[in-house]
Amino acid sequence: MMMGGMMGAGFGWLFLLYTLLVLFLILGFAHIIWLMSVKESGSSKLIGQIISIVIVVLVVILFLYGAIYGRGMMKNCMMGQGMMGKDMMMKQEMMKGMEKMTPEMKKMMEKNWKK
C-alpha cells in the first residue's frame, strides 16, 4: 500500500514537470508568431497577433481546467477507481448476482459455459 502512494507521488511531480514544459513550449510558439507578426504590416500583422492571443488564451484556459479537473481524476485513480478498480467492482457485483441465482439457473449457466 505504501509503495503505491510513493509511486503516485513521483508520478505527480513528473506529470507536473511535463505539463509545465509543454505549457512553455506552446507559449514560446505563440511568442514567435507574435514577433513575426509585429514585423509585418496591414492585415498580416493583425491576423498574426490575433492568432497568438488566441493560442495564449486557449493554453491558459486548458492549463487551468487541467489543474482543476485533472487533480480530481488523479485522486480517483490513486484511490482505486481507475480501470483496475472498476473491473474489481464489476466482478464483485457479478459474484453477488450469482449468489442470488437458483440451482436451475446455475446448471443452465454451467451448461452454456461448457459450449
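Our structure's up above, just so we're on the same page.
Attention in this report is confined to the structure presented alongside it. This structure is a prediction, so every number in the text was calculated from the model and none was measured.

1. A closer look at the overall build of the chain
Helix and strand content of the chain: 4 helices and 0 strands. The linear arrangement of helices and strands in the chain, starting from the amino end, is α-α-α-α. A buried classification covers 11% of the 115 residues belonging to the chain. Here the contacts in the chain between residues at least 6 apart in sequence split such that 42% fall between residues at least 24 apart. Approximately 10300 Å² of the chain is accessible, and the part contributed by carbon and sulfur atoms is 76%.

2. Focus: the environment of Gly48
With respect to the helices and strands, Gly48 occurs in helix 2 (residues 43-81). Residue Gly48 is classed as buried on the basis of its relative accessible area of 9%. It is 6.3 Å that separates the C-alpha atoms of Gly48 and Ile33, two residues lying 15 residues apart in sequence. With residues up to four places along the chain from it excluded, the contact list for Gly48 reads Ile33 and Ser37.

3. A look at a nonpolar patch on the surface
The grouping of Trp34, Leu35, Val38, Ile53, Val57 and Ile61 at the surface amounts to a nonpolar patch, some 500 Å² of accessible area in total. Secondary structure elements with two or more residues in the nonpolar patch: helix 1 (2-38) and helix 2. Residue class for Val57 comes out partly exposed when judged on its relative accessible area of 42%.

4. Concerning the nonpolar core
Counting 5 residues, the largest nonpolar core is built from Leu23, Ala30, Ile33, Ile55 and Val59. Contributions of two or more residues to this core are made by helix 1 and helix 2. It is helix 1 that provides the largest number of residues to this core, a total of 3 residues.

5. A word on the side chain of Ser37
Along the chain, Ser37 turns up in helix 1. With relative accessibility at 3%, the residue Ser37 sits in the buried group. The residues contacting Ser37, other than those within four sequence positions of it, are Ser44, Lys45, Gly48 and Gln49.

6. What to know about the side chain of Ser52
Tracing the sequence through the fold places Ser52 in helix 2. According to the relative accessible area criterion, Ser52 is buried, its value standing at 3%. Reaching out from Ser52, the side chain makes a polar contact with the backbone oxygen of Gln49 at a distance of 2.9 Å.

7. So, helix 4 (residues 103-114)
Here helix 4 spans 17 Å end to end across 12 residues, near enough to the 16 Å set by a 1.5 Å rise per residue. Across the 12 residues of helix 4, 0 count as buried, placing the element largely on the outside.

Conventions adopted
- Residues numbered from 1 in each chain as written.
- Predicted model: local features only at pLDDT ≥ 70, side-chain atom pairs only at ≥ 80, totals over all residues.
- Heavy atoms only, no water.
- Helix = DSSP H or I, 4+ residues; strand = E, 2+ residues; numbered from the N terminus.
- Buried < 20%, exposed > 50% of the residue type's maximum accessible area, 1.4 Å probe, protein only.
- Contact = heavy atoms within 4.5 Å.
- Areas by Shrake-Rupley, 256 points an atom, 1.4 Å probe, with all protein chains shown as cover.
- Patch = residues over 30% accessible without salt bridge, like charges linked within 9 Å, V, L, I, M, F, W, Y side chains within 5 Å.
- Salt bridge = Lys/Arg side-chain N within 4 Å of Asp/Glu carboxyl O.
- Core = buried A, V, L, I, M, F, W, Y, C linked by side-chain atoms within 4.5 Å.
- Polar contact = N/O pair within 3.5 Å; in protein donor to acceptor, adjacent residues only side chain to side chain.
- Expected span 1.5 Å × (residues − 1).

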